[in-house]
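Architecture at a glance
Letter by letter, the chains look like this.
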Amino acid sequence: MKKISAFIILLGLLIVSCKSEKKGNSTDAASGATNQWVDSLIYPEEVHFKSIRQVTFGGDNAEAYWSFDDKQIVFQSNNTNWDVECDQMFLMNADETFDETIPPMVSTGLGRTTCAYFLPDNKHFVYGSTHLGGDECPPAALRREGKYIWPIYESYDIFVSDLEGNITAQLTNEPGYDAEATVSPRGDKIVFTSMRTGDLELFTMNIDGTDVKQVTHELGYDGGAFFSPDGTKLIFRSSRPKTEEEIKEYKDLLAEGLVQPTEMELYICNADGSDLRQLTNLGNANWSPFFHPSGEKILFSSNFEAERGFPFNLYMIDIDGKNLKRITHGETFDAFPVFSNDGKKLIFSSNRNNGGGHDTNLFIAEWQD
């Protein structure tokens, strides 16, 4: 979720593909639809993937989320072949592939966007956008003094759009950053990250933007939150500075509208913020968590086993912090795992099968426990 294209670009500059892979999808140029699942894109150790297919073939594609009926997917891309200069939102049917075709853009095409998520009517979605702050793409900061940083654009607000790209409502209008919105499977609440208190905290609101309540209260960046399948819990990533030096660095960067996401752990709590506890203590960057359909496990991306910042792979852990298991076995980048609502498929972003280049594409795998 969330300013991740910059993350992906940075990784792309560092990573080259180390495994021999081949493009296996066959695309209908007229419709972009395909039903071909390609086992050659699955590494032997990836036993939870029954089959897999590649969805996109260029640019950085991420934050892909299913409609409540699992028939459509909304995602963000900066693919320059699709006539965009920075992340915009695109819509696809769940069986489509985009090798030679272009999906419809459903954001305004202005500013930069992030984190689209379907509403329960399957006819609207929420997303963050900077377009009220200007038509141009805001600059993407990548590194400062050798350290990777994310910009926290104060012009981000959360909007509702229909599937034709028409904005139908604005849900936030507080000064400062409001973004990273996701919707409860119950269809009643939205969780998002906001700077309205002076720190990056989690808040919930009704799907019409009313009844805003603060969820987290500790210093540090809390973001990328998702509800459990029953809507009672939240899983999210956080950078919690502890030492005086860490706290000063965090506050100084935040005053400039920046955060440094290289040290993040996962936290879990009830949807109202109660019973908050740290789930992982692995080191490095642990992020993009999503609940397993059972509600008893978390799938997430991490580079905790990496010595040089990569690779990132997907891991699974019980909600009590036990039984950590590696799910993907790439040598580059796997992240943003999201289960379909029926629990049968997993969409994620990966550098696999990109010919050793920098592209990060979407893949859909048939999941098996």
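Residues numbered from 1 in each chain as written. Predicted model: local features only at pLDDT ≥ 70, side-chain atom pairs only at ≥ 80, totals over all residues. Heavy atoms only, no water.

**As for the pairing of strand β11 (residues 167-170)**
Definition in use: Note on pairing: two strands pair once DSSP finds at least 2 bridges between them. Numbering of helices and strands starts at the N terminus; helices are DSSP runs of H or I of at least 4 residues and strands are runs of E of at least 2.
In this sheet, β11 lies alongside strand β10 (residues 157-162) in antiparallel orientation, the contact comprising three bridges. By the bridge assignment for β11, Ser161 is matched with Ile167. What sits between β10 and β11 in their antiparallel hairpin is a turn of four residues, with Gly165 showing a positive phi close to 90°.

**Examining the state of the cysteines**
Inclusion rule: Working definition: a disulfide is two cysteine sulfur atoms within 2.5 Å of each other. When a residue's accessible area, from a 1.4 Å probe over protein chains only, is under 20% of the maximum for its type it is buried; when over 50% it is exposed; and in between it is partly exposed.
Scanning all chains against the criterion turns up one disulfide. Bridging Cys86 to Cys137, the disulfide has an S-S length of 2.1 Å. Every disulfide takes its handedness from the sign of the S-S torsion; for Cys86 and Cys137 that torsion is -85°, giving left-handed. Taken together, the positions of Cys86 in the loop between β3 (72-77) and β4 (88-93) and Cys137 in the loop between β6 (124-129) and β7 (143-144) put the pair 51 residues apart, joining distant regions of the chain. For Cys86, a relative accessible area of 3% puts it in the buried group.

**What about the pairing of strand β25 (residues 334-339)?**
The element β25 is largely enclosed, with a buried count of six among its six residues. Direction of pairing for β25 relative to strand β26 (residues 345-350): antiparallel, over a ladder of four bridges. Bridge pairing in β26 links Ala335 to Ser349. Counted between consecutive antiparallel strands, the loop separating β25 from β26 contains five residues, among which Gly343 sits at a positive phi close to 75°.

**Remarks on the packing of aromatic side chains**
Given two aromatic rings, their pairing is described by the distance between the two centres and the angle made by the two planes. Definition in use: Ring pairs shown here join Phe, Tyr and Trp side chains whose ring centres sit within 6.5 Å, with only the six-membered ring taken for Trp; geometry is labelled stacked below 30 degrees between planes, edge-to-face above 60, and tilted in between. Only when the NZ atom of a Lys or the CZ atom of an Arg is both within 6 Å of the ring centre and within 35 degrees of the ring normal do we say a charge sits over the ring.
Here the structure, examined in full by the defined rule, presents 25 aromatic pairs. An aromatic cluster of at least three residues, connected via ring pairs, comprises Phe49, Phe339, Phe348, Phe363 and Trp367. The ring of Tyr267 is capped by Arg240, whose NZ or CZ atom sits 4.5 Å from the centre of that ring.

**Details of the sheet that holds strand β13 (residues 189-194)**
Strands sit in the order β12-β13-β14-β15 across an open sheet of four strands; the sheet is antiparallel. Each edge of the open sheet carries a strand with a single partner, namely β12 (178-183) and β15 (213-214). Across six bridges, the pairing between β13 and strand β14 (residues 201-206) is antiparallel. For Ile190, the partnering residue across the bridge sits in β14 and is Met205.

**Observations concerning the layout of surface pockets**
Selection criterion: Think of a 1 Å grid over just the protein atoms. A cavity is a set of points where a 1.4 Å probe fits yet cannot get out, a pocket is an open set with protein on both sides within 12 Å along at least five of seven lines, and lining residues have an atom within 4 Å of a point. Grid points are joined across faces, edges and corners, and a volume is the space filled by probe spheres set on the points. Under the scheme applied, nonpolar residues are Ala, Val, Leu, Ile, Met, Phe, Trp, Tyr, Cys and Pro; charged residues are Asp, Glu, Lys and Arg; polar residues are all the others, including Gly.
By volume, the largest pocket is sized at about 450 Å³. For the largest pocket, the lining is made up of 20 residues, of which Ser239, Arg240, Pro241, Glu246 and Glu263 are closest to its centre. Elements that contribute at least two residues to the lining of the largest pocket include exactly β17 (233-239), α2 (244-255) and β19 (265-270). The biggest single contributor to the lining of the largest pocket is α2, with four residues. Considered class by class, the residues forming the lining of the largest pocket number six nonpolar, eight polar and six charged.

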